[in-house]
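# Survey of secondary and tertiary structure
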Amino acid sequence: MDIEKVFQMKGGIGENSYWKNSSLQKRAADKVKHIITEAMEEMYVEKRPKSIGIADLGCSTGPNTLSSIKQLVHTVLLQTTTHHPEPEPEFRVFLNDLPTNDFNTLFQSLPDFYTQLNPVRRIYISAYPGSFYGRLFPDHCLHFIYSSNSLHWLSKVPAGIYDEHGFSINKKSIYISERSTEEVSLAYLKQFQDDFSLFLKSRSEEVVCGGRMVLILLGRTGSHHADRGNSVFWEIMYRSLSIMVDEGEIEEEKLESYEVHFYAPSKEELEDEVRKEASFKLDVFEMFEMDHHHQNENDIISDNDMSYGTAVANTVRSIQESMLANHFGDSILDKLFQHYARLLDQEFAAANDHINSITTVLVLTKL
């Protein structure tokens, strides 16, 4: 499967769209808002660029990307109007995602975005479709890179999980599970290492010296892959698909040939790649749990008629629908995510709610 041609967040603004189901991702970004702000402040105070290049890598199509851009612009303007009075710089903003991304819906929200930024005049926003596992921008044109909830997606399913006949050796699993062999874990690790090192090398040629990168992605806290953080959600997806097999909705061979292009790296794995590539200095590294009890009035899970399992299922559907539909057909989706929501609620109840995904944030400075 060509990930670049298939994978996309659900476009539009419908009930299953990423636009309507990305508040859980926003919570993660909001939790590290102070880190993002500090990184931009430090870069601006040190560099004082008259024209600032900002890129959001993996921008998707929801409101989160424009909210983040607004935060970054206001951070700089606070510096120019209060702490260091000087003319307002121009902002060159590059929104990047795969070519399949629904940029049209995103750009339709720009008039309202510009109104909110008033009186900022010199901000120029453009789309840069393409994989961030490779070069995207001209040399040394960026001062700040922001990427949230994107780098845990690999460029492809690891080749090492297939045997000489092209069959998956990762039996009864769609990601690394308790049933997976060490060979499967190592194949996923190698794919992550190849991808992340290429990401760092590509960005090193695009970011100016002293420029910053803030990277937010899912991770894990220890060496064990099958944890109670992120991998459990894939295990429950496998169980949901297995129910569909038992019901005759999916062929078992179809299920056993489905694998995900996801990897939750550990602190050591991320640090190793930064050290080996050697173009960036690691300034900040933090990991935290996203507690689903932390709610506010803007979260979808604050809907009293919606269980947390349903909220998570809606979010996962807006992310994974393109991949699942491509492999199994779209006729199974409604029933699949009903099973998924129900199993999630059962899992949360059985675990006394002690299932929280792990999020990692890194701040890197270009050397």
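Per chain, residue numbering runs from 1 following the sequence as it is written. Residues qualify for local features only when their pLDDT is at least 70, as the model is predicted, and side-chain atom pairs are given and counted only at 80 or more; totals for whole chains, interfaces and linings, by contrast, use all residues. With hydrogens and water excluded, all non-hydrogen atoms of the structure serve as input to the side-chain values.

Turning our attention to the overall build of the protein. Broken down by element type, the protein carries 12 helices and 7 strands. For a compact globule the rule gives 2.2 Å times the number of residues to the power 0.38, and the radius of gyration it is set against comes from C-alpha atoms. For 367 residues, the compact-globule estimate of 2.2 N^0.38 gives 21 Å, and the protein sits close to it at 21 Å. C-alpha extents for the protein along the principal axes are approximately 65 × 45 × 35 Å. Across the 367 residues of the protein, 57% fall into the buried class. Note on contacts: a residue pair qualifies if any of its non-hydrogen atoms lie within 4.5 Å across the two residues. Within the protein, contacts between residues separated by at least 24 positions form 82% of all contacts whose residues are at least 6 apart in sequence. With residues, only the protein chains shown are counted as cover, and all accessible areas are computed by Shrake-Rupley using a 1.4 Å probe. Looking at the protein as shown, the accessible area adds up to about 15900 Å², and 50% of this sits on carbon and sulfur atoms. The averaged location of the 55 negative side-chain charges in the protein is 6 Å from the averaged location of its 35 positive side-chain charges. By the criteria applied, helices consist of DSSP H or I runs no shorter than four residues and strands consist of E runs no shorter than two, each listed in order from the N terminus. Here's how the labels work: a residue is buried when its accessible area is under 20% of the maximum for its type, exposed when over 50%, partly exposed in between, all with a 1.4 Å probe on protein chains only. Counted charges follow a simple rule, with Lys and Arg positive, Asp and Glu negative, and His plus the chain ends left uncounted. Where a charge lies is defined by one atom per residue type: Lys uses NZ, Arg uses CZ, Asp uses CG and Glu uses CD.

Cysteine sulfur atoms are paired as a disulfide whenever they fall within 2.5 Å. The full count for this structure, using the stated rule, is 0 disulfides. Looking at Cys59, it has no disulfide partner, and the nearest cysteine sulfur is the one in Cys141, 16 Å off. The class for Cys59 is buried, based on a relative accessible area of 6%. Of the cysteine sulfurs around Cys141, a residue in no disulfide, the closest is that of Cys209, at 14 Å.

Attention shifts here to the sheet that holds strand S4 (residues 142–148). Only strands joined by at least two bridges in the DSSP assignment are considered to pair. Pairing within the open sheet is mixed, and its 7 strands lie in the order S3-S2-S1-S4-S5-S7-S6. Looking at the sheet topology across the chains shown, the edges are occupied by strand S3 (123–129) and strand S6 (280–290). Between one strand axis and the next, the sheet turns through 15° on average, direction left out of account. As judged from the 7 bridges shared by strand S1 (residues 51–57) and strand S2 (residues 90–97), these two strands associate in the parallel manner. Along S2, the bridge assignment pairs Gly53 with Arg92. The strands touched by helix H3 (residues 33–47) are S1, S4, strand S5 (207–218), S6 and strand S7 (357–366); relative to S5, the strand with the most contacts, the crossing angle is about 175°. Angular values range over 0 to 180 degrees, each being the angle between N-to-C directions of two axes fitted as lines to C-alpha atoms, with helices fitted over their stretch in contact.

Ring pairs are drawn from Phe, Tyr and Trp, using the six-membered ring of Trp, whenever the two centres fall within 6.5 Å, and their geometry is named by plane angle: stacked under 30 degrees, edge-to-face over 60, tilted for the rest. Using the criterion set out here, one finds 19 aromatic pairs in the structure. With centroids separated by 4.9 Å and ring planes inclined at 80°, the aromatic side chains of Phe132 and Tyr133 adopt a geometry described as edge-to-face. The interplanar angle of 85° and the centroid separation of 6.2 Å between the aromatic rings of Trp153 and Trp234 together place this pair among those described as edge-to-face. Of this pair, Trp153 sits in the loop between S4 and helix H7 (182–204) while Trp234 sits in helix H8 (residues 231–246); the two residues are 81 residues apart in sequence, bridging distant segments of the chain. Accessibility expressed as a relative area gives 11% for Trp153, which makes it buried. Clustering of aromatic rings is evident, with ring pairs tying together Phe7, Trp153, Tyr175, Tyr188, Trp234 and Phe262. Lysine and arginine charges are scored as sitting over a ring when NZ or CZ, respectively, is within 6 Å of the ring centre and within 35 degrees of the ring normal. The cationic tip of Arg203 hangs over the ring face of Phe199; the distance from NZ or CZ to the ring centre is 5.0 Å.

Moving on to the pattern of salt bridges. What makes a salt bridge here is a side-chain nitrogen of Lys or Arg within 4 Å of a carboxyl oxygen of Asp or Glu, nothing more. Applying the stated criterion to the full structure yields 23 salt bridges. Measuring nitrogen to oxygen at the nearest pair gives 3.7 Å for the salt bridge that ties Arg212 to Glu42. Within this pair, whereas Arg212 is found in strand S5, its partner Glu42 is found in helix H3, the two being separated by 170 residues in sequence. The exposure class assigned to Arg212 is buried, which follows from its relative accessible area of 3%. Residue Arg203 pairs with Glu206 through a salt bridge whose shortest N-O separation is 2.7 Å. Because the salt bridges share partners, they merge into one network encompassing Arg135, Asp139, Lys201, Arg203, Glu205 and Glu206.

Time to look at the side chain of Glu90. In this structure, Glu90 sits in strand S2. No salt bridge is formed by the buried Glu90, whose closest oppositely charged neighbour, Arg122, lies at an N-O distance of 4.1 Å. If we skip the residues at most four places from it in the chain, Glu90 touches Lys50, Ser51, Ile52, Arg122 and Tyr124.

In this section: unusual backbone geometry. In this model, Asn149 sits at a positive phi of 60°, which is unusual for a non-glycine residue. Within the secondary structure, Asn149 is located in the loop between S4 and H7. On the accessibility criterion, Asn149 (17% relative accessible area) is buried. Its identity as a non-glycine residue notwithstanding, Ala278 has a phi of 70°, on the positive side. Note that Ala278 resides in the loop between helix H10 (267–277) and S6. For Ala278, a relative accessible area of 49% translates into the label partly exposed.

This part covers H10. Every buried residue belonging to H10 is among Glu269, Leu270, Glu273, Val274 and Glu277, and all of these are buried. All buried residues of H10 project into a common sector of 130° when viewed along the axis, lining one side. Opposite the buried face of H10, at more than 90 degrees from it, the exposed residues are Arg275 and Lys276. Elements in contact with the buried residues of H10: H7, S5, S6 and S7. Looking at the residues trailing H10, positive phi occurs at Ala278, about 70°. Think of the arc as the fan of directions from the helix axis to the C-beta atoms.

The next point concerns the pairing of S1. Where burial is concerned, most of S1 is hidden: 6 out of the 7 residues are buried. As judged from the 3 bridges shared by S1 and S4, these two strands associate in the parallel manner. Pairing of Ala55 across the sheet is with Ile145, part of S4.

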